Amino acid sequence: MSQQGATRDRIWSVDEHIEDILGALTPLEPLELNILDAQGCVLVDDVPVSTPLPPFDNSSMDGYAVRTADTEGASWQFPAVLEVVGDIAAGTAETVRVAPGQCVRIMTGAPVPPGAEAVAPVEWTDGGTGSGPVNGMPAYRAAPEGAAGELRIFRQVPQGAHIRRRGSDASPGEPALAAGTVLGPPQIALLAAIGRSTVRVRPRPRVVVISTGSELVQPGQTPGPGQINDSNSFALTAAARDAGAVAFRVGAVPDDPDTLLDTISDQLVRADLIVTSGGVSVGAYDVVKEVFAELGTVDFRRLAMQPGKPQGFGRIGPDGTPLCALPGNPVSAYVSFELFVRPAIRALMGVSPVRRPVVTARLAGEVASSPEGKRQFLRARYRPEQAEVTLVGGAGSHLVAALARANALLVVPEKTTSLDAGAEVQVIPLD
Ligand SMILES: Nc1nc2c(c(=O)[nH]1)N[C@H]1C(S)=C(S)[C@@H](COP(=O)(O)OP(=O)(O)OC[C@H]3O[C@@H](n4cnc5c(N)ncnc54)[C@H](O)[C@@H]3O)O[C@H]1N2
Ligand code: MOO
């Protein structure tokens, strides 16, 4: 057999294909992004705390800033009586000194005035009403007189009570976030809190999704005889977004080499990765294979898996943009995406682990037969509470309705040709 023939006849394992794809990719160059645009991205540099958090001593309660000695022994029968000498709202810059026998009305988040050592919540006081404890303060506009007058405090106020100290959450020089952190909402909160408006991250890859097939029409159009709706471009675009990419759905291109080449050439400018579906098998109109096999930079292989046997991966265009050519059957395209494209997107983002976790579960029902020598990915419903998994639909790679009812893939290893009910199996949850 010729060398070429040997390569053509070779069957590659799922793991070999994943490793070849990952080995060919390097994370995208970092970009300075607005912190919200950086959501889900990986931080490239350590971010130190640049400003103390909280930035100044402030009150954690709506109440009165006091000198603690003035409240010593205060009780319901013998309240401390203090003069209210000011009113500090959050955002106020001016400060009033609290002298012995005085207090200042203060709001949550407002700076603690000099002289004050603690805050008495308004509920510990008469709120200046001259009667018993109150539940809150009247609005300033309705009762501006609440900012002055006499206040009774019914409890002794401990030193430092209800004061959030400057720097008690984070101090300058401490690490705020380490390089490699994936920015979720709490991390974005911290960046904003320390005053960072932008941050250097590996950006989300821009993924262009193109489906191929002259039989395809777009949802909303009426399929003619022999035509079907293009579902892959939607599934793959959604899956790319789910994996963290910025995805562009180009839609369906007919099985015409020139149209496909023109379309892809137009898309290269906005693509870090191109994903195609269809046209990779052995038919006379398998346009993706026809176009890219000729260029020589995309390798088409058969894998020992079901669904998803025919696969292509390589580089195209002047910048060597990576391209994943997935098979057209809807379940094959989706499963291939989960196994190969999702890790590729995560590798480009610098996120780890790149692969979805695999869990062990008990099989409810049986797998009557599975092809020997192929790793089979059956659609399934996984119930984590019971660590149990049930098959959904059959093995056919056209079963898109069953796919929509599944939330996991059940992995049947290459050497396994059937599984008994109750068997311990490997499951890839998809959510
Ligand atoms: N003689 C052989 N025929 C086939 C083989 C083989 O080894 N020898 N492999 C089969 C396997 S396995 C697969 S998977 C498919 C892969 O085919 P292609 O990637 O070339 O895909 P198409 O032929 O274009 O389409 C296959 C199937 O999927 C439907 N399809 C395609 N695109 C979409 C879309 N965007 N949305 C919805 N459905 C789509 C298409 O209509 C076909 O029914 O080849 C087997 N054949
Ligand atoms: O590999 Mo195909 O994906 O079995 O239908």
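Conventions adopted
Residues numbered from 1 in each chain as written. Chains lettered and ligands numbered in written order. Predicted model: local features only at pLDDT ≥ 70, side-chain atom pairs only at ≥ 80, totals over all residues. Near = placed C-beta within 6 Å. Nonpolar A, V, L, I, M, F, W, Y, C, P; charged D, E, K, R; others polar. Helix = DSSP H or I, 4+ residues; strand = E, 2+ residues; numbered from the N terminus. Axes fitted to C-alpha atoms, helices over the stretch in contact; angles between N-to-C directions. Parallel < 35°, antiparallel > 145°, perpendicular 65-115°, else oblique. Left-handed = near helix turned anticlockwise from the far one by under 90°. Contact = placed C-beta atoms within 7 Å. Buried ≥ 20, exposed ≤ 12 C-beta atoms within 10 Å, placed from the backbone. Core = buried A, V, L, I, M, F, W, Y, C linked by C-beta atoms within 7 Å. Domains from an automatic or database assignment. Pairing = 2+ DSSP bridges.

The next thing to look at is the site of ligand 2. Taken together, Q306, P307, G308, K309, P327, N329, S332 and S397 make up the full set of residues near ligand 2. Within the shell around ligand 2, the residues separate by chemical class into 2 nonpolar, 5 polar and 1 charged.

It is worth spelling out the site of ligand 1 at this point. Near ligand 1 there are 27 residues, and of these S211, N232, G278, S281 and G328 occur at the shortest range. Looking at the shell around ligand 1 residue by residue, the class counts come to 9 nonpolar, 14 polar and 4 charged.

As a further point, take the environment of R241. Mapped onto the elements, R241 comes out in helix α4 (residues 232–242). When the C-alpha positions of R241 and R206 are compared, they lie 9.6 Å apart, and in sequence the two are 35 residues distant.

Let's shift gears to the packing of helix α5 (residues 257–267) against helix α6 (residues 287–295). Two elements in contact, α5 and α6, have axes separated by 9 Å at closest approach and are oriented at 70°. Classified by the interaxial angle, the pair formed by α5 and α6 is roughly perpendicular. Seen along the crossing, α5 lies across α6 with a hand that is right-handed. Of the residues in α6, those touching α5 at P257, L260 and L261 are V287, V288, E290 and V291. Per-class residue counts for the contact of α5 with α6 are 6 nonpolar, no polar and 1 charged.

Moving on: the environment of A380. Positionally, A380 belongs in strand β24 (residues 375–383). Look at A380 and you get buried, because 29 C-beta atoms sit within 10 Å. A380 sits 10 residues away from T390 along the chain, and the two C-alpha atoms are 5.4 Å apart. Contacts of A380, omitting those with residues within four sequence positions, involve V389, T390, L391, V392, A406, A408, L409, L410 and V427.

Attention shifts here to the nonpolar core. Within soluble globular proteins, side chains that are nonpolar generally end up buried alongside one another. Judged by nonpolar contacts, the single largest core of 80 residues is most densely connected at A240, V275, C324, I345, A380 and L410. One finds Y64, A74, I106 and A110 within the second-largest nonpolar core, a separate group that totals 24 residues.

Tracing the sequence through the fold places F154 in the loop between β10 (149–153) and β11 (163–164). The sequence separation of F154 and G278 amounts to 124 residues, and the corresponding C-alpha distance is 77 Å. Leaving out residues up to four positions away in the same chain, F154 has contacts with A74, S75, W76, P79, W124, T125 and P133.

Considered domain by domain, the protein chain is made up of domain 1 (3–28 + 203–349), domain 2 (33–54 + 177–202), domain 3 (58–164) and domain 4 (359–429). Distance from the C-alpha centre of domain 1 to the C-alpha centre of domain 2: 34 Å. Taken together, the contact between domain 1 and domain 2 spans 6 residues of the former and 6 residues of the latter. Class assignment of the residues belonging to the side of domain 1 that touches domain 2 gives a composition of 4 nonpolar, 1 polar and 1 charged.

On to the sheet that holds strand β1 (residues 11–12). Spatially, β1-β19-β21-β22-β18-β14-β17 is the arrangement adopted by the 7 strands of the open sheet, whose pairing is mixed. Two strands in the sheet have a free side with no partner beyond their single neighbour: β1 and β17 (246–253). Across 7 bridges, strand β14 (residues 206–212) lies against β17 in parallel orientation. From the neighbouring strand, S211 faces β17, where its bridge partner is A252.

The next subject is the packing of helix α2 (residues 14–23) against helix α7 (residues 330–349). One can describe the packing of α2 onto α7 by two numbers: an axis separation of 10 Å at closest approach and a directional angle of 25°. Between α2 and α7, the interaxial angle falls into the category roughly parallel. Seen along the crossing, α2 lies across α7 with a hand that is right-handed. Residue-level contacts link V14, H17, I18, I21 and L22 of α2 to L339, F340, P343, A344 and A347 of α7. Looking at the contact of α2 with α7 residue by residue, the class counts come to 9 nonpolar, 1 polar and no charged.

What follows is about the sheet that holds β10. Pairing within the open sheet is mixed, and its 5 strands lie in the order β9-β6-β8-β7-β10. Each edge of the open sheet carries a strand with a single partner, namely β9 (118–121) and β10. If you compare each strand with its neighbour and ignore which way they point, the axes differ by 45° on average. Note that strand β7 (residues 80–88) and strand β8 (residues 102–106) share 4 bridges and pair parallel. The partner of I88 across the bridge, within β8, is I106.

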